[in-house]
Amino acid sequence: MPWSQVTHTFQARSKGCYLVTNDVLKAIESEVRKYKIGMCNLFLQHTSASLCLNENVCREVREDLTMALDHIAPESLPYKHTDEGPDDACGH
């Protein structure tokens, strides 16, 4: 079974929830055209970032998700792991 691999680098962004669908589609477009059916695996090589699949009917969904994550892991806690800076500690 044939397979393809594409490496893509996202632009650096501040903390928040972002739509990356178009970025991913542009990065894999030429490879995807080779297949009629398949599976796409996304691997994010960053310790304080994650991928989340959710509906995208309105912007409030991302705002609600950001609010919930800020509630679960606020930046104001006295984190012990601060090797990458205090703004990155809550992401770990």
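For the structure itself, look to the data block above.
Residues numbered from 1 in each chain as written. Predicted model: local features only at pLDDT ≥ 70, side-chain atom pairs only at ≥ 80, totals over all residues. Heavy atoms only, no water.

**Regarding the overall build of the protein**
A count of helical and extended segments in the protein gives 3 helices and 0 strands. In sequence order, the secondary structure elements of the protein are arranged as α-α-α. Across its three principal directions, the C-alpha atoms of the protein cover 50 × 35 × 20 Å. The buried share among the 92 residues of the protein stands at 10%. Sequence-distant contacts in the protein: of pairs separated by 6 or more residues, those separated by 24 or more amount to 41%. For the protein, the exposed area adds up to about 8400 Å²; of that, 56% sits on carbon and sulfur atoms. The averaged location of the 13 negative side-chain charges in the protein is 9 Å from the averaged location of its 9 positive side-chain charges. (Helix = DSSP H or I, 4+ residues; strand = E, 2+ residues; numbered from the N terminus. Buried < 20%, exposed > 50% of the residue type's maximum accessible area, 1.4 Å probe, protein only. Contact = heavy atoms within 4.5 Å. Areas by Shrake-Rupley, 256 points an atom, 1.4 Å probe, with all protein chains shown as cover. Lys, Arg positive; Asp, Glu negative; His and termini not counted. Charge placed at Lys NZ, Arg CZ, Asp CG, Glu CD.)

**Quick word on the environment of C17**
Counting through the fold element by element, C17 comes out in the segment before α1 (21-32). For the pair formed by C17 and L69, sequence separation is 52 residues and the distance between their alpha carbons is 10.0 Å. Not counting residues up to four positions away in its chain, the partners in contact with C17 are R62, L65 and T66.

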